[in-house]
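# A structural walkthrough
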Amino acid sequence: MTHLLYRKHFLPLVCCLVGGLCFTACSDDDTAAIPDTELTDAESNTAQELARLVHMLCEVDALPTGWATANFTPTVGEADDANPAVQKFAVTDAVEALSYYNALTAQQLEAGTAADVWRCDGLGSLTFAALNAADCFATIDVDIKQVPQLKQIRLVPASALGDNAGGEAYYRFGDLIKDYRDNTVWVCGRPANAACGKKKSYWFSFQITDSHISHKTVATKTNYGFKVDHDYYLPKNLGSTSDKIAALGEFLTLLCFPEKYEDYVADGRPGGLGGVCNGSADDVKHLLRVVNRAWKQTDFHEQIFDHCGNMTYDEVMNIFRGQFCFYFDGYKSKSGYFKLPTVNFNTALEQPALSGDPGNPNLPKPRLLGTVFRDLQVKHEQPFDIRTYVDTYTKGDNLLMSSDYLMPYGFVVRMKTGYELSSKLVGNPDITQPLPGYGDGGHLGHIYTYKQLHHLFED
């Protein structure tokens, strides 16, 4: 059966295949000496690599001063009883195991990849090995000098974690929380589920501030020999990763098409939406319909998407019925261009037909719930401003002068775990209870939760 998640390479990678093992470096030149600024500049490629790693492994939302020599404590998974330097992390199958490694390394290795080594000067290495055993789908050997306490991640089925009787999760897909410290609204796009071995909830915000925008100026030489400055505004410090925001985008599309849920699961999603839906398809479809009704009747879209202007709920949701993309963390400065990672939704299996004659039968057609990871190349002679997507959710005047393309609608997405959203008040919040920080005197408030309010929006 064909999988919906298609991995494609659109940029040159520093790879070589030796006996089936792929070696990937995080820089263009694996042998060049690392510049001093790579270990001091908070926006260097090395800093962004570490920021992604420690956010996923240690739930650190911002690198501190002196990050290159700092030590971070891992919070991923559950420690192995025999060796605390080994952490066990639950995944549904070998596909999700590779997806997790891809998110950790900001790669999109082809389905079925058996082995890979990722290296970054100044940080260290990660080594992926597919095992496909009954009690372990894959391992990731960790040699990151800033995370010395973690030596291996074992990607295992939930049953390998032992007792997963953690009770019913308090939060569900589509729940909404407000953080009163900065008035941001957060959507639950990947709830916890102890039975699936998933004991963290993931929350997403579309409210982006100047602190999440990097301004770069690059001088390029014209054909006449003089230099021209070009400005680039790129997303940063979002905390978002490819695997988690893929689930968020698919959730938003399924809100519009709950009847498609069985087809979605059957086409390569054994763990259901986000790998946490182990109940019946009817239960998931019911939840989707209730959330859709709750958001619509209460105009929650005006709080979630605060730049939607005078758009109605149906007009906003029509975006998620068609082609759209999410921009997430990890832009990199390369020789002659910037690389921006994106997740494209409801797109064709190959290059979408965003231009040309839409009636041409030879052009590939969009596919509902087709999800494609792509890296956009923004050349240094073509200015790019991510703020148009922040302010209008459209590409605006941005153009790309290469074979890459821009989706007509796009969103810049921030992500936090429940632990981070609650200001780390409790090391691993009880998934059956509201997040620490909610309630009298707390900084979190519930806008909508299925658990509390679903009865108001039943059929």
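The shown structure was predicted, so the numbers you read here are calculated from the model rather than taken from an experiment. (Residues numbered from 1 in each chain as written. Predicted model: local features only at pLDDT ≥ 70, side-chain atom pairs only at ≥ 80, totals over all residues. Heavy atoms only, no water.)

This next bit is on the overall build of the protein. Looking only at helices and strands, the protein has 10 helices and 22 strands in total. Looking at the protein as a whole, 54% of its 459 residues are labelled buried. A separation of at least 24 residues holds for 61% of the contacts in the protein among residues at least 6 apart in sequence. Accessible area for the protein stands at about 19,400 Å²; split by element, carbon and sulfur atoms hold 50% of it. (Helix = DSSP H or I, 4+ residues; strand = E, 2+ residues; numbered from the N terminus. Buried < 20%, exposed > 50% of the residue type's maximum accessible area, 1.4 Å probe, protein only. Contact = heavy atoms within 4.5 Å. Areas by Shrake-Rupley, 256 points an atom, 1.4 Å probe, with all protein chains shown as cover.)

A separate point is the confidence of the model for the protein. Mean pLDDT over the protein stands at 86; residues scoring 70 or higher make up 86%. Segment residues 28-32 is flagged for pLDDT under 50; beyond a separation of four residues in sequence, or across chains, it makes 6 contacts in the model. Note on residues 349-360: pLDDT is under 50 here. Beyond four places in sequence and across chains, it has 23 contacts. (pLDDT = per-residue confidence, 0-100.)

Sheet architecture is open: 5 strands sit in the order β21-β12-β11-β10-β22, paired in antiparallel fashion. Every interior strand has two partners, whereas the edge strands, β21 (414-417) and β22 (444-448), have only one. Sheet twist, expressed as the mean angle between neighbouring strand axes with direction ignored, is 35°. With 4 bridges connecting them, strand β10 (residues 176-179) and β22 associate as antiparallel partners. Its bridge partner lying in β22, Lys-178 is registered against Gly-445. The sheet contacts of helix α3 (residues 242-256) involve β11 (184-190), β12 (202-205) and β21, and relative to β12 the element is tilted by about 70°. (Pairing = 2+ DSSP bridges. Axes fitted to C-alpha atoms, helices over the stretch in contact; angles between N-to-C directions.)

Here we come to the pairing of strand β18 (residues 371-379). The element β18 is extensively covered by neighbouring structure, given that 7 of its 9 residues are classed as buried. Of the pairings in the sheet, the one linking strand β17 (residues 337-345) to β18 comprises 9 bridges and is antiparallel in character. Residue pairing in the sheet places Thr-342 in a bridge with Arg-374 of β18.

Pairing is mixed across the open sheet formed by 3 strands, whose spatial order is β13-β14-β19. Each edge of the open sheet is held by one strand with a lone partner, namely β13 (213-221) and β19 (384-385). Of the pairings in the sheet, the one linking strand β14 (residues 227-235) to β19 comprises 2 bridges and is parallel in character. Of the residues in β19, the one forming a bridge with Tyr-232 is Phe-384.

The next thing to look at is the packing of α3 against helix α7 (residues 313-321). Between α3 and α7, the least distance of the axes is 8 Å, while the angle of their chain directions is 120°. Considering the relative orientation of α3 and α7, their crossing is left-handed. Each of Leu-252, Thr-253, Leu-255 and Cys-256 in α3 lies in contact with α7, whose residues at this interface are Met-317, Phe-320 and Arg-321. Class assignment of the residues belonging to the contact of α3 with α7 gives a composition of 5 nonpolar, 1 polar and 1 charged. (Left-handed = near helix turned anticlockwise from the far one by under 90°. Nonpolar A, V, L, I, M, F, W, Y, C, P; charged D, E, K, R; others polar.)

Within the largest apolar cluster, 52 residues are counted, with the highest numbers of intra-cluster contacts made by Phe-251, Trp-295, Phe-320, Phe-326, Phe-411 and Tyr-448. Broken down by element, the residue count for this core peaks at 8 residues, all from α3. Ignoring sequence-local partners within four residues, the contact set of Trp-295 consists of Gly-174, Leu-176, Val-187, Phe-251, Leu-252, Leu-255, Phe-300, His-301, Ile-304, Tyr-313 and Tyr-448. (Core = buried A, V, L, I, M, F, W, Y, C linked by side-chain atoms within 4.5 Å.)

Pairing of side chains with opposite charge becomes possible as their charged atoms draw close. Applying the stated criterion across every chain, the model contains 17 salt bridges. Of the charged contacts, one joins Lys-296 and Asp-314 as a salt bridge, the two residues approaching to 3.3 Å between their closest N and O atoms. Placement of Lys-296 in helix α5 (residues 281-297) and of Asp-314 in helix α7 is noted, with a sequence separation of 18 residues between them. Note on Asp-314: relative accessible area 39%, which makes it partly exposed. (Salt bridge = Lys/Arg side-chain N within 4 Å of Asp/Glu carboxyl O.)

What follows concerns the environment of Val-413. Relative to the helices and strands, Val-413 is located in the loop between β20 (410-412) and β21. Taking the C-alpha atoms as reference points, Val-413 and Phe-328, 85 residues apart in sequence, are found 6.0 Å from one another. Among residues more than four places away in sequence, those in contact with Val-413 are Phe-204, Ser-205, Phe-206, Leu-238, Ser-240, Ile-245, Leu-248, Phe-326 and Tyr-327.

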